[in-house]
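# Breakdown of the fold
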Amino acid sequence: MSPGVNLPVEVWRVVLAYLPLPELGRCSLVCRAWRELILSLDNTRWRQLCLGLPECPRHPNWPSRPHLEPSSWREALRQHAIASRTWSRHAHPELQPSACLHLFRRRKERRVWQVGSGLELETLRGALGVAGSYDRVVLHPGVYEEQAELVLKVPVEVVGLGRLGDVALLVSLEQQCPTARLSNLVFMPAWFSTVVYKTSSGHVQLDNCNFEGAQLQIRGPGTCHARFCSFSQGSSTHFLGVALSLLDSCDFSGSDSASVTVEGAPATERNWACKHLAALARITTSWTSPGSGSPAGDTLGGHSGATQPPEATITLEDWSKGETESRRRGGGGGGEEGVCQDTVIDDGWSDSAPSDEEEEEEEGKGEEGSGQGNNSLNYRLAHSHHGLSHLLRPNQDVSPDFPSLTPEVRTLTEELQRDPGAQALIETVQGCVLRRCLFRDGKGGVHVCNHGNARLEGNVFRALTYAVRCIQNATIVMLRNEVCECRASGVFLRLSSQGLIADNNIHSNGEAGLDIRKGADPIILCNRIHSGLRSGIVVLGNGRGSIRSNQIYNNKEAGVYILFNGNPVVSGNHIFQGQAAGIAVNENGRGVIVENVIRENQWGGADIRRGGDPVLRNNYICHGYSDGVVVGERGRGLIEGNHIYSNKGCGVWLMSSSLPQLLGNYITHNRMYGLAVFCRKDPDGGGTREVGQEGGGRGGGQDNFHEEGELLAWEGDLDSEDERLSARRSISTALVEGNCISHNGAVGLYVKSSEPLNVVANLVNGNRGAGVAVLQSGQLTRLVANCIHGNGRGGVTVERECRVELRGNGVYDNGGHGVSFRGDGQVVENDVVGNRGYGIRLTCSSAPPWVLENPPPRPLSDRPSSLPPSSSCHPSHFAISMTTRITATVESGCHNNGSVFCTIL
């Protein structure tokens, strides 16, 4: 019969709200309408029943988020009932029914022993001496102190009567029975030991207990299930060789060392409770509110990240069910009013203001050009389909205001589908499992060492010295935790530790968000690492790791800092809005840095210095307030296939003492030079940059990476230089090959160097200043097989006392002279066509010692003979059509006065 036949639904809800729990269950079995009516009482009667449990009246989201309502109070009550019965699953044989007498099963009655002042039993020791298996010992309010260790020899339940805090135990208990339960008690250390409870074989369940200055010790194959417990005043838990234990919704505060220590490899032997705890660890508890899975207090672009509850199941399918994609915020932060640390050039040379001599020649050239009229078109040679024209196509629709089409950050589900190893870690690593716990106001959170295993889900670590430390071959899985306001690093891994750190919110820490060193090799996926007082992630001292699909932003120092032979794989991350470099590689750091979006950082998007030798490939480095890529003193590395655009400084800034390889990059729409090469020290001011941005991680000296004052000796861990460079083509001269340098705000390629430089097969196109300007070149700069096209001023400008070789280049349609050469070197086999000024302008001081040659026609070739064989591996392989060639060899000593040679095609 429907409840709405005679009474309104609202009246039925009022009536049913008075029913106890068993009666509600019976009413829900009447019919579907009754069941729906019972379920509709979630925010009233079910909430009242859940918070009114005498043994555990805690809020389901206590202690980390008690202000958030669970999605279902009824489900929270059900989960509590299941968990509270775990200890009794190991029933004594006499409590188990006979299989053949299933219909007539009998159950032994549990005795209840009342203990307290004035009662039959006045001491805990006396009660434990008379209690039988699975009896219940009820302690009345008071303080119970024992002068010697107590031993639990039979399964028993000990419960404190009254409110939490009314019953206090100053005891040391050792469990020697298969199972026990303690609830609503306060544990304080006895005078002879700080260990208040320990077990090495059985299972103990702790519900709603407080530990004050005490220690809980569990040794494998023993197990523990602690729920809604508080550990304060220096209390801690110590797990040694534990295969599986569960700490759920516990509060840790005021610790003097680590609050939870997990040590030793999991014991191969399992006790009876392991299978039940494993089932609890896999339960999908859907009663946490939808927003609680994402740490409170932070959003990114209007999205608070993943909204699935932190206690979600550990299989890949369940990650897929409720995961909300966390997408990066687009644009923003790139306005003119932002802080801009541009390159300082104060040498009296300008790519926009011509010299007095050039102005006179420009006037004469204008008069000559006006007399030619339209007949000049008859002498124009076709050159639009040159060998590097394919490099123009990716940039035809790109402009500084065009929205960048950068890849999105992958979700955790997508990453797990791509990485079976990470999925296996999620599904297999257990050990000590901590869920929904709060660690606050102490020294350490969780310390995992010596092959120990730990799993952390949905916890909050706040205002500690460090949150998590994983060392000595330990393995850890961290899922959807919040780590914030730590005085040192948030998560610290070293000494060959490993594991998975995924979907966490790591922010506002005093040192690095994650610190990886000494051979540690974790997988870092889909985290938000932001607002740190130093770097987001630091990898050093032979640390490795796979850092993928994270959002790293608004850190005071480098988003990712690699040094002292750190060698991670950094891929698919969005690193943005940092107050220093996006990625800094210093002090012999290495790493493979691929397919990241590095944008809107105050310093260089990527900063490589002092022996840094990374692979920087296929990244988007854009909208920075300074340069896109900086390669400083003694920097090395392979910089290949990157899109470097819309930065307020240079696209790429090289120091002449560095030895990078720049291959196949697109360097476009940067405010200053596309590619600039400078000396380390410049009396005219060109070296000012080095002082202002020394060490792209801002303060990257070795003394900044001590571990709590301990000096780190890296020398024993560093690989030899030969071993480091054996896997990559070794070079002795910086190489710029196969790049597209176009539409930059000043010169495309600016050289002011004292070291040799090879510039091969690049497209230098559409820059506002000259295509190539060589102002200083103490050693030979080779420009070979480049296409220098459509630049606002001259194609190639070489100043006095510069050693330059121009060979096999195409110089087309530039706004000034094709080649203006005042230095020493060779101009050989170039095509100089359609430029607004002279084709080739040579300036010498005496009788011309140069030789003019016109070689005989030669067949077309797919690649000029001067191009190195290595170029076939890059986007620059091409076929330049050779027209009439003019070769001019200029000897040294022609610097000052007067002789000008012009070629007009």
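Calculation rules
- Residues numbered from 1 in each chain as written.
- Predicted model: local features only at pLDDT ≥ 70, side-chain atom pairs only at ≥ 80, totals over all residues.
- Heavy atoms only, no water.
- Helix = DSSP H or I, 4+ residues; strand = E, 2+ residues; numbered from the N terminus.
- Buried < 20%, exposed > 50% of the residue type's maximum accessible area, 1.4 Å probe, protein only.
- Contact = heavy atoms within 4.5 Å.
- Areas by Shrake-Rupley, 256 points an atom, 1.4 Å probe, with all protein chains shown as cover.
- Salt bridge = Lys/Arg side-chain N within 4 Å of Asp/Glu carboxyl O.
- Core = buried A, V, L, I, M, F, W, Y, C linked by side-chain atoms within 4.5 Å.
- Disulfide = S-S within 2.5 Å.
- Patch = residues over 30% accessible without salt bridge, like charges linked within 9 Å, V, L, I, M, F, W, Y side chains within 5 Å.
- Phe/Tyr/Trp six-rings, centres within 6.5 Å; stacked < 30°, edge-to-face > 60°.
- Pairing = 2+ DSSP bridges.
- Axes fitted to C-alpha atoms, helices over the stretch in contact; angles between N-to-C directions.
- Parallel < 35°, antiparallel > 145°, perpendicular 65-115°, else oblique.
- Left-handed = near helix turned anticlockwise from the far one by under 90°.
- Nonpolar A, V, L, I, M, F, W, Y, C, P; charged D, E, K, R; others polar.
- pLDDT = per-residue confidence, 0-100.
- Polar contact = N/O pair within 3.5 Å; in protein donor to acceptor, adjacent residues only side chain to side chain.

### A few points about the overall build of the protein
Along its length, the protein carries 13 helices and 67 strands. Taken over 905 residues, the protein has a buried fraction of 58%. For the protein, the proportion of contacts with a sequence separation of at least 24, taken over those separated by at least 6, is 55%. Counting only carbon and sulfur atoms, one obtains 50% of the accessible surface of the protein, whose full area is about 35,300 Å².

### Let's talk about the pattern of salt bridges
Going through the model one piece at a time under the given rule, you end up with 27 salt bridges. Arg 534 is the salt-bridge partner of Glu 511, the closest N and O atoms lying 3.2 Å from each other. Of this pair, Glu 511 sits in the loop between strand 28 (505-507) and strand 29 (514-517) while Arg 534 sits in the loop between strand 31 (528-530) and strand 32 (537-540); the two residues are 23 residues apart in sequence, bridging distant segments of the chain. For Arg 534, a relative accessible area of 13% puts it in the buried group. Look at the salt bridges and you will find they share partners, linking Arg 110, Arg 136, Glu 157, Arg 181, Asp 207 and Arg 227 into a network.

### Structural notes on the nonpolar core
Membership of the largest hydrophobic core comes to 120 residues, with the highest contact counts inside it found for Leu 139 and Val 260. Per element, the largest residue contribution to this core is 5 residues, and it comes from strand 23 (residues 460-470). Apart from the residues lying within four places of it in its own chain, the contact partners of Val 260 are Thr 237, Phe 239, Leu 247, Phe 252, Cys 432, Leu 434, Phe 439, Gly 445, Val 446 and His 447. If you look at the next biggest cluster of nonpolar residues, it comprises 14 residues, including Cys 650, Met 655, Ala 770 and Leu 775.

### Examining the state of the cysteines
Taken as a whole and assessed by the stated rule, the structure comprises 0 disulfides. Take Cys 740: it sits in no disulfide, and the sulfur closest to it among the cysteines is that of Cys 787, at 9.7 Å.

### Looking at a nonpolar patch on the surface
Taken together, the side chains of Leu 7, Val 11 and Val 15 present a nonpolar region at the surface, about 200 Å² in accessible area. Topologically, Val 11 is positioned in helix 1 (residues 9-16).

### Some remarks on the packing of aromatic side chains
Counted under the stated rule, the structure contains 10 aromatic pairs. Considering the side-chain rings of Phe 252 and Phe 439, the 4.6 Å spacing of their centres and the 5° angle between planes classify their relative orientation as stacked. Of this pair, Phe 252 sits in strand 18 (residues 251-253) while Phe 439 sits in strand 21 (residues 438-449), and the two are 187 residues apart along the sequence. For Phe 252, a relative accessible area of 1% translates into the label buried. Note on Phe 678 and Tyr 750: the rings are 5.4 Å apart at their centroids and 40° apart in plane angle, and the pair reads as tilted. Linking Phe 678 in strand 50 (residues 675-678) with Tyr 750 in strand 53 (residues 749-753), this pair joins segments that are 72 residues apart in sequence.

### Side note on the environment of Val 538
Tracing the chain through its elements places Val 538 in strand 32. Classification of Val 538 by relative accessible area gives buried; the value is 2%.

### What to know about the pairing of strand 6 (residues 167-170)
Burial of strand 6 is two-sided: the residues Val 167 and Leu 169 facing one way and the residues Ala 168 and Leu 170 facing the other way are all buried. Both strand 3 (residues 142-145) and strand 6 contribute to a ladder of 4 bridges, which runs parallel. Pairing of Tyr 144 across the sheet is with Leu 169, part of strand 6. As paired elements, strand 6 and strand 9 (residues 186-188) share 3 bridges and run parallel to each other. Across the sheet, residue Ala 168 finds its bridge partner in strand 9, namely Val 186.

### Thoughts on the packing of helix 1 against helix 3 (residues 32-39)
Packed helix pairs are specified by the crossing angle of their axes together with the interaxial distance, meaning the distance between the axes. Relative orientation of the contacting elements helix 1 and helix 3 amounts to 70°, with a least axis distance of 10 Å. Between helix 1 and helix 3, the interaxial angle falls into the category roughly perpendicular. Between helix 1 and helix 3 lies a crossing whose hand is right-handed. The residues of helix 3 that touch helix 1, namely those facing Val 9, Trp 12, Arg 13 and Leu 16, are Trp 34, Leu 37 and Ile 38. Class assignment of the residues belonging to the contact of helix 1 with helix 3 gives a composition of 6 nonpolar, no polar and 1 charged.

### A short note on unusual backbone geometry
For the bond from Gly 220 to Pro 221, the omega torsion is 10°, close enough to zero to count as cis. For Pro 221, the position within the fold is in the loop between strand 13 (215-219) and strand 14 (223-227). Of note, Gln 577 is a non-glycine position whose phi angle comes to about 55°, a positive value. Within the chain, Glu 600 stands out as a residue other than glycine whose phi angle is a positive 60°. Mapped onto the elements, Glu 600 comes out in the loop between strand 40 (597-599) and strand 41 (606-608). Using a relative accessible area of 3% as the deciding quantity, one classes Glu 600 as buried.

### Observations concerning the pairing of strand 10 (residues 195-199)
Where burial is concerned, most of strand 10 is hidden: 4 out of the 5 residues are buried. Bridge analysis of strand 7 (residues 173-175) against strand 10 gives 3 bridges, and the strand direction is parallel. Paired with Leu 173 across the two strands is Tyr 197, which belongs to strand 10. The sheet contact formed by strand 10 and strand 13 spans 4 bridges and is parallel.

### A short note on the confidence of the model for the protein
In low-pLDDT regions, the fine details of the predicted coordinates are not to be read closely. Mean pLDDT for the protein: 78, with 69% of residues reaching 70 or above. Contacts for the low-pLDDT stretch residues 284-348, under 50 throughout, to residues beyond four places or in other chains number 172 contacts. Segment residues 698-727: pLDDT under 50, and 54 contacts once partners within four positions in sequence are set aside and those in other chains are kept.

### Some points on the environment of Gln 826
Note that Gln 826 resides in strand 63 (residues 824-833). Classification of Gln 826 by relative accessible area gives partly exposed; the value is 29%. With 20 residues separating them along the chain, Gln 826 and Leu 806 place their C-alpha atoms 6.0 Å apart. Polar contacts involving the side chain of Gln 826 include one to the side chain of Arg 807, which spans 3.2 Å.

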